[in-house]
Amino acid sequence: MATAYIVDAVRTAGGRRGGRLAGVHPVDLGAAVFDAIADRNDFDTNVIEDVITGCVSQGGQQTMDLGRNAVLASKLPDSIPAVTIDRQCGSSQQAVMFAAQAVMSGTQDVVLASGIESMTRVPMGSVATLFMKEGLGNYKSPRLEEKYPGIMFSQFMGAEMIVKKHGFTKADLDAFALESHRRARAATEAGLFDREIVPVEIETADGKEWHKADEGIRHDATLESIAGVKLLQEGGTITAATSSQICDGASAVLVVSEQALKDHGLTPRARVHHLSVTAGDPIIMLEEPLFATEKALKKAGLKIGDIDAYEVNEAFAPVPLAWLKYLDADPARLNVHGGAIALGHPLGATGAKLMATLLGVLDARGGKYGLQTMCEGGGQANVTIVERL
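First, a word on scope: everything that follows refers to the structure included in this document. (Residues numbered from 1 in each chain as written. Predicted model: local features only at pLDDT ≥ 70, side-chain atom pairs only at ≥ 80, totals over all residues. Heavy atoms only, no water.)

## Thoughts on the overall build of the chain
Link 1 in the chain: Scanning the chain from N- to C-terminus turns up 13 helices and 13 strands.
Link 2 in the chain: For 389 residues, the compact-globule estimate of 2.2 N^0.38 gives 21 Å, and the C-alpha radius of gyration of the chain, at 20 Å, lies within 12% of that figure.
Link 3 in the chain: Along the longest, intermediate and shortest principal axes, the C-alpha atoms of the chain span 60 × 50 × 50 Å.
Link 4 in the chain: The buried share among the 389 residues of the chain stands at 57%.
Link 5 in the chain: Here the contacts in the chain between residues at least 6 apart in sequence split such that 81% fall between residues at least 24 apart.
Link 6 in the chain: Working note: accessible area of the chain is about 15800 Å², and carbon and sulfur atoms make up 52% of it.
Link 7 in the chain: The distance from the centre of the 37 positive side-chain charges to the centre of the 48 negative ones in the chain is 4 Å. (Helix = DSSP H or I, 4+ residues; strand = E, 2+ residues; numbered from the N terminus. Rg over C-alpha atoms; globule rule 2.2 N^0.38 Å. Buried < 20%, exposed > 50% of the residue type's maximum accessible area, 1.4 Å probe, protein only. Contact = heavy atoms within 4.5 Å. Areas by Shrake-Rupley, 256 points an atom, 1.4 Å probe, with all protein chains shown as cover. Lys, Arg positive; Asp, Glu negative; His and termini not counted. Charge placed at Lys NZ, Arg CZ, Asp CG, Glu CD.)

Dropping the structure here:
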């Protein structure tokens, strides 16, 4: 089987809901990261054979094949096709995996994986609620209702279930959230995001500016300020401060074959070592990364101690905490530059975004293997293991 290589991985800096990226159309967010791939890598972009774009909320400004529209809005040739996919929060991680599989199968040599999500312009859940308000039905079919009677598939409820199952306290979640902000702040101040972040031109009250720093980091966060945030549910443990931030952003990863490296003079940053996706309980939902990672490591012939850095999406604080506990993993290797609690979670863009950050962590630490996983709607989880070159 052919080897898939990652040549480059980029992302926009996160924009808070209604914040600095709110004025940018999601198509243009995608075009910005596509342009960066073209500008940063010296090759003829006509050789890109496909663009695979992850997006969760495919409604309004994110419809009509969002990925293709971003290609058309970018400096990439109009001759490059694109497809838009949805595996919930893992959408652009799946895009990277589909790109790698295309290369590994030998059917394509140069594929651009990406993710785009403007949660300001297309609010989370709106593609379901707007249809329901118009009397156009619910995603839950009669057969699905028969199998799961009265069940509302809720990520928030799943997160609370994980808290109870694994014995965490609110204090555990608050401390984890503070550390996410601390690490993100330290990485920002040290310039460790500079290589992965693509500046985006925005309009402000003072004129045009470049958005190039993650907007959601609470640089003044304290344990007291985090602990004081109101509970999302009476009797629960989770607050907005221990949940991922609603975010606008885009990301892209260039995946190529060994032949493409030679033909186009490209230098790889990493090779794809393992790809897998699993599914489990759709009710607790967010716990699947624990079991997916266990299976992936076994299949890859690795132990958790062999992995130098892990990115486990901080959808809610109990998810990475449960992952650490279940796998007996090293907290110092987890989300080293902070996670979605501080940096934001632009849904369909997060998978490729985390790959950009993971490669940056491996570079900063001189690590060899990196692992990425995230919880996804429907009780699914993707796992990607890369080897830094």
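## Observations concerning the pattern of salt bridges
Link 1 in the chain: By the definition in use, this model includes 16 salt bridges.
Link 2 in the chain: A salt bridge links Arg40 to Asp8; the shortest N-O distance between them is 2.8 Å. Residue Arg40 is located in helix H1 (residues 26-40), and its partner Asp8 is located in strand S1 (residues 4-12); the two are separated by 32 residues in the primary sequence.
Link 3 in the chain: Classification of Asp8 as buried rests on a relative accessible area of 4%.
Link 4 in the chain: Among the salt bridges present, the one from Arg333 reaches Asp330, with a minimum N-O distance of 3.4 Å.
Link 5 in the chain: The class for Arg333 is partly exposed, based on a relative accessible area of 23%.
Link 6 in the chain: Taken together, the shared-partner salt bridges connect Arg195, Arg269, Asp363 and Arg388 into one network. (Salt bridge = Lys/Arg side-chain N within 4 Å of Asp/Glu carboxyl O.)

## Describing unusual backbone geometry
Link 1 in the chain: Even without a glycine there, the phi angle at Met285 is positive, about 65 degrees.
Link 2 in the chain: Its place among the elements puts Met285 in the loop between strand S10 (270-279) and helix H10 (288-300).
Link 3 in the chain: Look at Met285 and you get buried, because its relative accessible area is 2%.

## What about the side chain of Asp248?
Link 1 in the chain: With respect to the helices, strands and loops of the structure, Asp248 is situated in strand S9 (residues 247-257).
Link 2 in the chain: No salt bridge forms around the buried Asp248; measuring N to O, its nearest opposite-charge neighbour Arg121 is 6.9 Å away.
Link 3 in the chain: There is a polar contact of 2.8 Å between the side chain of Asp248 and the backbone nitrogen of Met119.
Link 4 in the chain: Leave out the neighbours within four places in its chain, and Asp248 touches Thr12, Ala13, Gly14, Gly15, Arg16, Leu21, Ala22, Glu117, Ser118, Met119, Thr120 and Pro346. (Polar contact = N/O pair within 3.5 Å; in protein donor to acceptor, adjacent residues only side chain to side chain.)

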